[in-house]
Amino acid sequence: MFDKNEYQQRITRLQARIQQANLDAFVVRTDTNIIYLNGVDYYSAERKVLMIVPEKGEPSLIVPRMEQERLSRSATVDNVLTYWEMDAKPGRGWKELLHETLGAYQRIGIEPLAEANIVVELRSYDWQVLPLVEDIRVIKSPAEIALTRRVANYWTKAMNAML
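Residues numbered from 1 in each chain as written. Predicted model: local features only at pLDDT ≥ 70, side-chain atom pairs only at ≥ 80, totals over all residues. Heavy atoms only, no water.

Here we look at the overall build of the protein chain
Argument step 1. On a plain count of helices and strands, the protein chain comes out with seven helices and six strands.
Argument step 2. On the principal axes, the C-alpha backbone points of the protein chain span a range of 60 × 35 × 25 Å.
Argument step 3. The 163 residues of the protein chain split such that 43% are buried.
Argument step 4. In the protein chain, the proportion of contacts linking residues at least 24 apart, taken out of those at least 6 apart, comes to 54%.
Argument step 5. Surface exposure of the protein chain reaches about 9300 Å², of which carbon and sulfur atoms provide 54%.
Argument step 6. Computed over 21 positive and 22 negative side-chain charges, the inter-centroid distance for the protein chain is 4 Å. (Helix = DSSP H or I, 4+ residues; strand = E, 2+ residues; numbered from the N terminus. Buried < 20%, exposed > 50% of the residue type's maximum accessible area, 1.4 Å probe, protein only. Contact = heavy atoms within 4.5 Å. Areas by Shrake-Rupley, 256 points an atom, 1.4 Å probe, with all protein chains shown as cover. Lys, Arg positive; Asp, Glu negative; His and termini not counted. Charge placed at Lys NZ, Arg CZ, Asp CG, Glu CD.)

Shown next, in the form of structure tokens:
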């Protein structure tokens with residue numbers, strides 16, 4: 001919907017918020033926020049898709065094998081890590097990839113709507129729940145404003161045609 005630069009700016013704005021919150025990384029779980037940050041439309045249902053955004057550097061996506069091809073088209077993430085679905089054997093699931101991706105990071109932010117089992121996996125970290133992506137979504141970029149105006153124009157024409 002937007003060009004790659006728009007999505008890169010969103011990641012940059014999120015990283016500025018991560019730094020302001022004095023975090024090492026932020027875990028994005030909700031589909032709508034991951035779509036907002038990477039531009040790939042999908043629906044994860046019960047299979048977790050996680051985006052790990054460090055305070056500096058490149059973000060990572062942790063995806064089920066079923067979504068690997070689609071989410072590899074991300075505008076902002078080159079590092080796409082794949083796990084073997086929900087019933088993965090030990091060592092091949094999203095939990096292991098989460099810990100591997102977080103590495104030595106200690107201060108971790110997580111979205112307010114992340115599931116409890118993700119929070120359980122963060123118990124050995126200094127974690128906090130913060131609405132950082134929601135905060136950056138409040139202020140619209142010029143590209144978002146232009147799209148909103150274009151859509152509003154279409155709706156106005158449709159309403160005028162009906163009246």
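Things to note about the pattern of salt bridges
Argument step 1. Tallied over the entire structure, the rule returns seven salt bridges.
Argument step 2. Here Asp24 ties to Arg107 by a salt bridge, and the two come within 2.8 Å at their closest N and O atoms. You can see Asp24 sitting in the loop between α1 (4-20) and β1 (25-28) and its partner Arg107 sitting in strand β5 (residues 107-110), a full 83 residues away along the chain.
Argument step 3. For Glu115, the salt bridge goes to Arg29, with nearest N and O atoms at 2.9 Å. (Salt bridge = Lys/Arg side-chain N within 4 Å of Asp/Glu carboxyl O.)

Quick look at the side chain of Ser60
Argument step 1. Within the secondary structure layout, Ser60 lies in strand β3 (residues 60-64).
Argument step 2. By relative accessible area, Ser60 is classed as buried at 7%.
Argument step 3. For Ser60, the side chain forms a polar contact with the side chain of Asn79, separated by 2.8 Å.
Argument step 4. Setting aside its immediate chain neighbours within four residues, Ser60 contacts Leu50, Met51, Ile52, Val77, Asn79 and Thr101. (Polar contact = N/O pair within 3.5 Å; in protein donor to acceptor, adjacent residues only side chain to side chain.)

Regarding the nonpolar core
Argument step 1. Ranked by size, the top nonpolar core spans 23 residues in total, and within it Leu14, Phe26, Val28, Leu37, Met51 and Leu61 carry the most contacts.
Argument step 2. Every element with two or more residues in this core is listed here: α1, β1, α2 (31-38), β2 (50-54), β3 and α6 (132-138).
Argument step 3. Judged by nonpolar contacts, the second largest core, of 17 residues, contains Leu50, Ile62, Leu102 and Ile108. (Core = buried A, V, L, I, M, F, W, Y, C linked by side-chain atoms within 4.5 Å.)

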